[in-house]
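# Topology and contacts: notes
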Amino acid sequence: MGDRACYREYCPDCDAQVTIVDEACPDCGRSLDVE
């Protein structure tokens, strides 16, 4: 449990660290379609 924004993912294009609530990668701008 906990705040969903604390969970980390990685952009599949540039491997930048993003949160699971991000809609796009802050580094490369790739759309991050989350289930």
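Residues numbered from 1 in each chain as written. Predicted model: local features only at pLDDT ≥ 70, side-chain atom pairs only at ≥ 80, totals over all residues. Heavy atoms only, no water.

Looking at an unreviewed UniProt entry, one finds the protein chain named Zinc-ribbon domain-containing protein and attributed to Haloarchaeobius iranensis.

## Focus: the overall build of the protein chain
Per the secondary structure count, the protein chain includes zero helices and two strands. Looking at the protein chain as a whole, 20% of its 35 residues qualify as buried. Pairs at least 24 residues apart make up 0% of the contacts formed inside the protein chain by residues separated by at least 6 positions. Split by element, the accessible area of the protein chain, about 2,900 Å² in all, is 44% carbon and sulfur. (Helix = DSSP H or I, 4+ residues; strand = E, 2+ residues; numbered from the N terminus. Buried < 20%, exposed > 50% of the residue type's maximum accessible area, 1.4 Å probe, protein only. Contact = heavy atoms within 4.5 Å. Areas by Shrake-Rupley, 256 points an atom, 1.4 Å probe, with all protein chains shown as cover.)

## Some remarks on the pattern of salt bridges
For the structure on display, the rule yields one salt bridge. Residue Arg30 pairs with Asp13 through a salt bridge whose shortest N-O separation is 3.0 Å. Separated by 17 residues along the polypeptide, Arg30 in the segment after strand E2 (17–19) and Asp13 in the loop between strand E1 (8–10) and E2 bring together distant segments of the chain. Here Arg30 falls in the partly exposed class, since its relative accessible area comes to 31%. By relative accessible area, Asp13 is classed as exposed at 54%. (Salt bridge = Lys/Arg side-chain N within 4 Å of Asp/Glu carboxyl O.)

## A look at the environment of Pro26
Its place among the elements puts Pro26 in the segment after E2. Each C-alpha atom of the pair Pro26 and Cys11 lies 9.3 Å from the other, and the pair is 15 residues apart in sequence.

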